[in-house]
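Chains, contacts and geometry: an overview
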Amino acid sequence: MRIDVHTHIFPPEIVQKRELYFAGESAFKSLYGGPKARLVTADALLQAMDDAAIDCSITFGFPWRSPDLTERHNDYVLEAASKYSSRLVALGCVNPMADKSAEEAERVMRAGARGLGELAIYDACDASAALDRFKDSIDCCKSHNGILLAHANEPVGHSYPGKSTLGLDFYYALARLAEGMPLILAHWGGGLCFYELLKKEVSQVLANVYYDTAASPFLYRPSIYAHMAKIVGVGKILFGSDYPLLAANRYFEEMAASGLAVEQIGAIGGRNAARLFGLTR
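Notes on the structure follow.

Quick look at the overall build of the protein chain now. Assigned secondary structure in the protein chain consists of twelve helices and eight strands. Here the C-alpha atoms of the protein chain give a radius of gyration of 17 Å, agreeing with the 19 Å that 2.2 N^0.38 yields for 281 residues. Expressed along its principal axes, the backbone C-alpha trace of the protein chain runs to roughly 45 × 45 × 35 Å. Evaluated residue by residue, the protein chain yields a buried proportion of 56% over its 281 residues. Expressed as a percentage of contacts within the protein chain between residues at least 6 apart in sequence, the contacts between residues at least 24 apart total 78%. Carbon and sulfur atoms make up 52% of the accessible area of the protein chain, which amounts to about 12100 Å² in all. Measuring between centres, the 28 positive side-chain charges of the protein chain sit 5 Å from its 32 negative side-chain charges.

This is the structure we're talking about:
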């Protein structure tokens, strides 16, 4: 069973006229303002899943500043997951720094979202204030036995749209706040996964942290799969494509090139996520 834990879908009206939604949404314009940045609907995601033999995708929207846009987008994701319940699992997406984010998180969880994600703060902000706002989302997930998927990015290397200024200390503090519940850190946790080599406290704080592979071909060499399998264990790695940023097959090609065994690729490619999200064929 192949499961993609990191995909984005948008309502048709946003896909067709994205420029109408740039005003007041600097992060959305930064990530999707370029002509090569793709936006897809639920139907387009399903077609891509069929092409790549993906059985199920965890899908979500975008962390808008506007409460109205956030609600509309979450409703679209929830409706798509309800319509295609055997193929799509919805996470509610909020911007922790935006107005009414706590209320919206509670609403979508009550409406059937499996958790919250991909929660991200792309604009510059005070880290301590951001942690305070993230705590609301964590508390919401805990109260509903939900799963939280948070954006994380590496603090070094080239700059690109959506690269947050928050550092690894922030993601570590986030993991500490989320202790006792499943936390997925996107994009290999921005490299936080490497610190699982440290003793005692770090491994305890990160015990319930999973790392998805979203955008890995753009950020890391294929050998990261073999290295992380040894450092964190295969069971903590989840295949995420960040579709429509990249197609799924490219990830599986890199997993094979890294030297992982077929059994390990199967775990990363779906079995780990099936266990975490309680999914069956």
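Following the criterion strictly, the structure yields ten salt bridges and no others. Its salt-bridge partner being Arg87, residue Asp50 comes within 3.1 Å of it at the nearest N-O pair. Here Asp50, found in helix H3 (residues 42-51), pairs with Arg87, found in the loop between helix H4 (67-83) and strand S3 (88-90); they are 37 residues apart in sequence, far enough to count as distant. Linking Asp68 and Arg72 is a salt bridge whose minimum nitrogen-to-oxygen distance equals 3.4 Å. Here Asp68 and its partner Arg72 are both found in helix H4, four residues apart, which amounts to about one turn of the helix.

Right, let's get into the sheet that holds strand S8 (residues 237-238). Spatially, S4-S5-S6-S7-S8 is the arrangement adopted by the five strands of the open sheet, whose pairing is parallel. Looking along the sheet, the strands with just one partner apiece sit at the ends: strand S4 (115-119) and S8.

Along the chain, Glu201 falls in helix H8 (residues 201-205). As for Glu201 and His8, which are separated by 193 residues in sequence, their C-alpha atoms are 34 Å apart. There is a polar contact of 2.8 Å between the side chain of Glu201 and the side chain of Arg176.

Moving on, we come to the sheet that holds strand S1 (residues 3-8). Within a beta sheet, neighbouring strands are joined by backbone hydrogen bonds and run either parallel or antiparallel to one another. With respect to topology, three strands assemble into an open sheet ordered S1-S2-S3, the strand pairing being parallel. The sheet is open, and its two borders are formed by S1 and S3, each paired with just one other strand. Strand-to-strand twist across the sheet, computed as the mean angle between neighbouring axes with direction ignored, equals 30°. Relative to S3, strand S2 (residues 56-60) runs parallel, the two being bridged by three bridges.

If a residue is not glycine, its phi is most likely negative; likewise, a peptide bond is most likely trans. Of the consecutive residues Gly117 and Glu118, the connecting peptide bond is found in the cis state with omega at -20°. Among the secondary structure elements, Glu118 is positioned in strand S4. Backbone torsion omega between Tyr243 and Pro244 reads 15°, so that peptide bond is classified as cis. By the element assignment, Pro244 lies in the loop between S8 and helix H11 (248-257). With phi around 50°, Lys200 is a residue other than glycine that occupies positive phi space.

Applying the stated criterion across every chain yields a total of zero disulfides. For the unlinked cysteine Cys56, the closest cysteine sulfur is that of Cys141, found at 18 Å.

What follows covers a nonpolar patch on the surface. A contiguous nonpolar surface patch, about 280 Å² in accessible area, is contributed by Phe194, Tyr195 and Leu198. Note that Tyr195 resides in the loop between strand S6 (183-185) and H8.

Running from N to C, helix H5 (residues 101-110) and helix H6 (residues 127-143) cross one another at 20°; their axes reach a closest spacing of 9 Å. When the axes of H5 and H6 are compared, the pair comes out roughly parallel. Like other packed secondary-structure pairs, H5 and H6 cross with a definite hand, here right-handed. Facing H5, whose interface residues are Ser101, Ala102, Ala105, Glu106 and Met109, H6 presents Arg133, Asp136, Cys140 and Ser143. For the contact of H5 with H6, a count of residues per class yields four nonpolar, two polar and three charged.

Turning our attention to helix H7 (residues 168-177). Looking only at H7, the buried set comprises Leu168, Phe170, Tyr171, Tyr172, Leu174 and Ala175. Looking at the buried residues of H7, the elements they touch are H6, strand S5 (147-150), S6, H8 and strand S7 (209-212).

So, how was this worked out
Residues numbered from 1 in each chain as written. Predicted model: local features only at pLDDT ≥ 70, side-chain atom pairs only at ≥ 80, totals over all residues. Heavy atoms only, no water. Helix = DSSP H or I, 4+ residues; strand = E, 2+ residues; numbered from the N terminus. Rg over C-alpha atoms; globule rule 2.2 N^0.38 Å. Buried < 20%, exposed > 50% of the residue type's maximum accessible area, 1.4 Å probe, protein only. Contact = heavy atoms within 4.5 Å. Areas by Shrake-Rupley, 256 points an atom, 1.4 Å probe, with all protein chains shown as cover. Lys, Arg positive; Asp, Glu negative; His and termini not counted. Charge placed at Lys NZ, Arg CZ, Asp CG, Glu CD. Salt bridge = Lys/Arg side-chain N within 4 Å of Asp/Glu carboxyl O. Pairing = 2+ DSSP bridges. Polar contact = N/O pair within 3.5 Å; in protein donor to acceptor, adjacent residues only side chain to side chain. Axes fitted to C-alpha atoms, helices over the stretch in contact; angles between N-to-C directions. Disulfide = S-S within 2.5 Å. Patch = residues over 30% accessible without salt bridge, like charges linked within 9 Å, V, L, I, M, F, W, Y side chains within 5 Å. Parallel < 35°, antiparallel > 145°, perpendicular 65-115°, else oblique. Left-handed = near helix turned anticlockwise from the far one by under 90°. Nonpolar A, V, L, I, M, F, W, Y, C, P; charged D, E, K, R; others polar.

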